[in-house]
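# Fold and geometry: a report
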Amino acid sequence: MRAVLAWKETIRDQCVYDLAFKPDGSQLIIAAGLRVLVYDVADGAIIQPLKGHKDIVYCVAYAKDGKRFASGSADKSIIIWTSKLEGILKYTHNDSIQCVAYNPVTHQLASCSTGDFGLWSPEQKSVNKHKVSSKITCCGWTNDGQYLALGMMNGVVSIRNKNGEEKVKIERPGGSSSPIWSIAWNPSNRWQWSTREYWKGEDYASEQLSMFFDAPYSQRQECRCSHDRGQTNKDEHNDILAVADWGQKLSFYQLSGKQIGKDRTLTYDPCCVSYFSKGEYIVMGGSDKQASLYTKDGVRLGTIGDQNAWVWTCRVKPDSNFVVLGCQDGTIACYQLIFSTVHGLYKDRYAYRDSMTDVIVQHLITEQKVRIKCRELVKKIAIYRNRLAIQLPEKILIYELYSDDSSDMHYRIKEKICRKFECNLLVVCSQHIILCQEKRLQCLSFTSVREKEWVMESLIRYIKVIGGPPGREGLLVGLKNGAILKIFVDNLFPITLMKLSTSVRCLDMSASRNKLAVVDEHNTLLVYDINSEELLFQEPNANSVAWNTQCEDMLCFSGNGYLNIKASNFPVHQQKMQGFMVGYNGSKIFCLHVYSMSAVEVPQSAPMYQYLEKKMFKEAYQIACLGVTDSDWRDLATEALEGLDFDTAKKAFIRIRDLRYLELINSIEERKKRGENDNELFLADVYAYQGKFHEAAKLYKRTGHESRALSMYTDLRMFEYAKEFIGATDPKNSRILMTKQADWAKSSKEPRAAAEMYLSAGEHLKAIDIIGEHGWEDMLIDIARKLDKAEREPLAKCAFYFERLKHHGYASETYSKMGDLQALVQLHVETQHWEEAFSLVEKHPQFKNHVYVPYAQWLAENDRFEEAQKAFHKAGRQNEAVKVLEQLTQNAVVENRFNDAGYYYWMLSMQCLDIARDQRDEMLKKFERFQHLAELYHVYRSIQRYTDEPFSSHMPETLFNICRFLLNNLTKDIPPGISKVNTLYALAKQSRRLGAYKLARYSYEKLQELHIPSRFQESIELGSLTIRSKPFHDSEQLPLSFALKCMMCYRCSTNNPLLNNQGSVCINCRQPFIYSASSYEVLPLVQFYLEEGISDEDAVSLIDLEVPHTDQRDHVTSLRCVTALRSCLDCEDPFTAKMSFEQGGSTFVPVKVSRSVLRSMSRRDVLIKRWPRPLKWEYFRSLLPDVSITMCPTCFKMFHSEDYELLVLQHNCCPYCRRPIDEPN
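None of these values were measured; they are calculated from a predicted model.

For the chain, the helix and strand inventory stands at 32 helices and 62 strands. Looking at the chain as a whole, 52% of its 1225 residues qualify as buried. Counting contacts in the chain only where the partners sit at least 6 residues apart, residues at least 24 apart contribute 46% of the total. Carbon and sulfur atoms make up 47% of the accessible area of the chain, which totals about 58100 Å².

Written as structure tokens, this is what we have:
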């Protein structure tokens, strides 16, 4: 730092007590004598003296907005002046005015006198005054205008709010013996005092920095890096108050009154303290008759200017480095402070001085920074590899990196050389420091031992470490007389490289140590070959030069606002650049502009293209590796590829990740390995990839590869060029071309044109695909009808699209044309055109399964399960048919549809009978079981309706018979869904109604043994009680005919009990009863069997041969005559004789008839159940021919003819098997 006097004025016989700058820095207001003087800051010329005070003016202050200023005088008055130098207001205090200060935000004026202070603002009509206990000497507002600090004669600093109330009181140790003479608030809110902090530069607000602190006086012996951010109380204000007292102390306080650091001892009585605009420096003056510059934390940096009297006031011009002093003898002096750059550079590490006492080391590549706080003025900086040397006024500090990591930024102190040195230049090596003082170079170890000294013949202008082993580094030295020397730190004898005729300004040596670049005092760049001392070239307008550390033949130099890059012997490439070039590493150029160093990324495009013009691809690749744009890489790769330098091209394409060209290069390399060496063919492939199609086609034709040219044109849809290329004499290629053109039309969304082209090229399948996808029916029909039936694949494709387009007629026509009956059947099935499918099956039975199985599935999906079962049956899918029936039956039982359950069980039995031809024994058992279950569920339906519904269509006698039949047949396990409670309940009620009291009482007793549902509980309990009032025998009103019909066996005439534990058989002869399937009365039928050797056909023919005989049954009019009838018939009817049996036998003896007996039977008296095989036919003889009995020819259930006719009229089908009445047998 040095101070240059800008101007100086003297006011005779007057003391300059105070001065103030207009905020824009254009005017200076001075309090001197009885007047306020206004000066022009630029040249120190007085603009106008202002009169208005009657006594000495002690203080002046300018408002922050620049519209007015105030002056205070010993005449106890305050005058407000406008910026046009006109007085507009005046008010007074009771004592002389000592100081004034404007609020920087609200423009409120604080005026302080000996005994009080006042607060005035333009909005107020009066001045608010507040008494104080001591004389006020100085005052100042905080940056936010919230608080006012008052410095007093008794050594107290009082901090007041805007209303004048005291908030903080700071009592200095010296008391009244150390009056506060000057105070100032730091205008910046950023304060760095802590030993560990987080620092952000203005241009690097988001970077993480490490901070260093060296305790120079005792506490620490090494500087450590802290990555922790500074911990500050967010609720604490950042305002810092500097306090200077006449105890010769400088102190700093927070707004809370807490002192920051220790007192700084001064050697004089301070009269004024003033901050720079950004708060980075402090200017102080006083009894030592000079103004001094300090850091913001009180470290003295140097003298600004010596005077002949006390410096009573000093101020810094806003936003500048100009300082104005006012002295007791009337001197006004304006100085400009010039801060020189102290820095050092080694490769990508740059160290520079900041705030005069700090050193910042910046990594120019990663942009990391560390701050080293030295607490003293930094005079010189040197950096080399892992070493950093910092010269302070009384010592030199040597730092080293913690590790050898190239990105490590942690420094620690290695050595301290506690001596004062005077030098022009400072250089550090691995084990030494080099001090340069004019002609002398001294080499000192880190322990301050001088090991070597060199004295030059001329002044040293430039020195640089050029590397070498530790302890044996080489120095490049340039002298004023033009000599250029190389010195090794372990060698006393310098080596003269060459001598120029002019002074050396800048030097650098190439990486291989073969070339030397020099900038002389005429700004001329000279490049020499060191070995031959031959001048290789020279360039004008250079102020600095540097070789590229990664490329031997590249250097750059700066001058006249331009950056110049030179490669080999090619012309210089220029581009604009501000600043001073100091280093060149790869594509990074390190530029020093004003005080900041930056790494500028410079694409090496220009030198690369210079090499490309000479077809020097490998050299161009080396330049590109330093840093070029992607487009430059592509140009390099393309040029190398066209030059058939595949190795360089491959590397360049890898850089830009162009897989397409890399595949091309790999394919060419593979072909070369296989022995291909036709460079013209390789070049043709390259041209094709680059889009130079015509050139590629010419080369293909020249090398005899016309097919490749054709493929290229067609792949690119350049069909016109392809036609020109092949001509009109090649029909095969023309057809191929037409097909490819159609492919292109398809991909370019012109399907109709593509289809027509495919048809022209004979590609019917592709044409049909396009037509079908777009639904062009007319074209599809036309193609299908034109195609020959032998072209099955195109026709099948047509039929497929007809199906998709729902044109089943055209699809059927196409399949018929093809003769593909199976596909035709499948079409009818898929479209559910069952009639057409059935008609086709009639003609071609081999497709029976293909129709009936899907038909059955379709019926099942549409809840037509019975039809589905029949369809499965027709298709021969017995398992599926049975499965459907079983599911239907189970559902019917679960849903209490017992009539349906009976029907489904009957169908299951018939299904099992059909299957029994293959699986006889197992299926016959199932047949009998399902027949039995079918009858039980059929019967139970009537009982369930009677118990669950309010009305019943059955007569009481019918319900009575149904209940008896069901209970007689429930001798074993009860089937699911059938309730014995319901059956007994219905039987009990009907028995009581008909007068069968014994059976009713028995039913109620049985009900008591069962779990009775709640809905029947009351009725059954009531019936159980009331039945006790009835006699133990049946009612005499019970009709005899009804009783006989209920109980009599028609074979042995035995009256059976109403309930029979042995089942539905006679207790005497064991003859099974035959029931009517509607009223469940016992029919007058007796089953008989054929003797051995009589076939069913013989039996039927014998029965049909009816023998005439006298009918003696006309007189039988009632069941009371059954016994008499039998006695009459015994003598004439052979069948009656066969019905006899041995009384008391426990086994059933069937009635077996011979041929003569069969011949004697009447056809109308015999009923035959003609079961399909493997079952045998069953034969029944009616003993009461007058009782008309009808048998269903399908289910073989027997009915009273009247009942059957009535039920058929109601349901139009058999009530049991549901056979439609009009269906043939």
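Confidence in the prediction for the chain averages 81 pLDDT; 79% of positions are at 70 or higher. Counting contacts from residues 192-237, a segment whose pLDDT is below 50, to residues more than four positions away or on other chains yields 109 contacts. When the criterion is pLDDT under 50, residues 1109-1131 qualifies, and its contacts beyond four places in sequence or with other chains add up to 27 contacts.

Below, the discussion takes up the pattern of salt bridges. Applying the stated criterion across every chain, the model contains 34 salt bridges. A salt bridge links Glu 601 to Lys 588; its shortest N-O distance comes to 3.0 Å. A residue pair is termed long-range when its members are at least 10 positions apart, and Glu 601 in strand E56 (residues 596-601) and Lys 588 in strand E55 (residues 588-593) qualify at 13 residues. Take Glu 601: its relative accessible area is 45%, and that puts it in the partly exposed class. Connected through salt bridges with shared partners, the residues Asp 354, Asp 358, Arg 371 and Lys 373 form a single ionic network.

One open sheet accounts for 4 strands, arranged E50-E51-E52-E53; its pairing is antiparallel. Strand pairing shows two members of the sheet lacking a second neighbour, strand E50 (544-547) and strand E53 (573-576), which therefore form its edges. On average, each strand axis in the sheet is tilted by 20° relative to the strand beside it, whichever way the strands run. As paired strands, E50 and strand E51 (residues 554-559) are joined by 4 bridges and run antiparallel to one another. Within the sheet, the bridge partner assigned to Ser 544 lies in E51 and is Ser 558. This element, helix H1 (residues 605-613), spans E51, strand E52 (562-567) and E53 of the sheet and lies at about 30° to E52.

Topologically, Lys 129 is positioned in strand E13 (residues 128-131). Considering only alpha carbons, one finds Lys 129 and Ser 111, 18 residues apart in sequence, at a separation of 9.1 Å. If near-sequence neighbours (up to four positions away) are discounted, Lys 129 is found in contact with Thr 92, His 93, Asp 116, Phe 117 and Gly 118. Reaching out from Lys 129, the side chain makes a polar contact with the backbone oxygen of Thr 92 at a distance of 2.6 Å.

The next point concerns the packing of aromatic side chains. Counted under the stated rule, the structure contains 32 aromatic pairs. Aromatic side chains Trp 246 and Trp 310 sit 6.0 Å apart centroid to centroid with 80° between the ring planes, which places their arrangement in the edge-to-face category. Here the residue Trp 246 occupies a position in the loop between strand E20 (240-245) and strand E21 (249-254), and Trp 310 occupies one in the loop between strand E26 (300-306) and strand E27 (311-316), the gap between them amounting to 64 residues. For Trp 246, a relative accessible area of 24% translates into the label partly exposed. Given a relative accessible area of 25%, Trp 310 falls into the partly exposed group. Seen from their ring centres, Tyr 621 and Trp 633 are 5.7 Å apart, and the 65° between their planes marks the pair as edge-to-face. Note that Tyr 621 is positioned in helix H2 (residues 617-624) and Trp 633 in helix H3 (residues 630-642), a separation of 12 residues in sequence. Of the two residues, Tyr 621 and Trp 633, neither departs from the other in class, the shared state being buried.

The next subject is the packing of helix H23 (residues 956-969) against helix H24 (residues 980-994). Here H23 crosses H24 at 140°, and the two axes come no closer than 9 Å. By the angle between their directions, the pair H23 and H24 is classed as oblique. The handedness of the crossing between H23 and H24 comes out as left-handed. Where H23 approaches H24, its residues Pro 956, Glu 957, Leu 959, Phe 960, Cys 963, Arg 964, Leu 966 and Leu 967 are matched on the opposing element by Lys 980, Thr 983, Leu 984, Ala 986, Leu 987, Gln 990, Ser 991, Arg 993 and Leu 994. A per-class count over the contact of H23 with H24 returns 10 nonpolar, 3 polar and 4 charged.

The next subject is the sheet that holds strand E54 (residues 580-585). The strand order across the open sheet built from 3 strands is E54-E55-E56, with neighbouring strands paired in antiparallel fashion. In this open sheet, the two strands that pair with only one neighbour each are E54 and E56. For this sheet, the mean inter-axis angle between neighbouring strands, taken without regard to orientation, is 25°. In the sheet, E54 pairs with E55 via 5 bridges, with the strands oriented antiparallel. Within the sheet, the bridge partner assigned to Asn 585 lies in E55 and is Lys 588.

About the thresholds
- Residues numbered from 1 in each chain as written.
- Predicted model: local features only at pLDDT ≥ 70, side-chain atom pairs only at ≥ 80, totals over all residues.
- Heavy atoms only, no water.
- Helix = DSSP H or I, 4+ residues; strand = E, 2+ residues; numbered from the N terminus.
- Buried < 20%, exposed > 50% of the residue type's maximum accessible area, 1.4 Å probe, protein only.
- Contact = heavy atoms within 4.5 Å.
- Areas by Shrake-Rupley, 256 points an atom, 1.4 Å probe, with all protein chains shown as cover.
- pLDDT = per-residue confidence, 0-100.
- Salt bridge = Lys/Arg side-chain N within 4 Å of Asp/Glu carboxyl O.
- Pairing = 2+ DSSP bridges.
- Axes fitted to C-alpha atoms, helices over the stretch in contact; angles between N-to-C directions.
- Polar contact = N/O pair within 3.5 Å; in protein donor to acceptor, adjacent residues only side chain to side chain.
- Phe/Tyr/Trp six-rings, centres within 6.5 Å; stacked < 30°, edge-to-face > 60°.
- Parallel < 35°, antiparallel > 145°, perpendicular 65-115°, else oblique.
- Left-handed = near helix turned anticlockwise from the far one by under 90°.
- Nonpolar A, V, L, I, M, F, W, Y, C, P; charged D, E, K, R; others polar.

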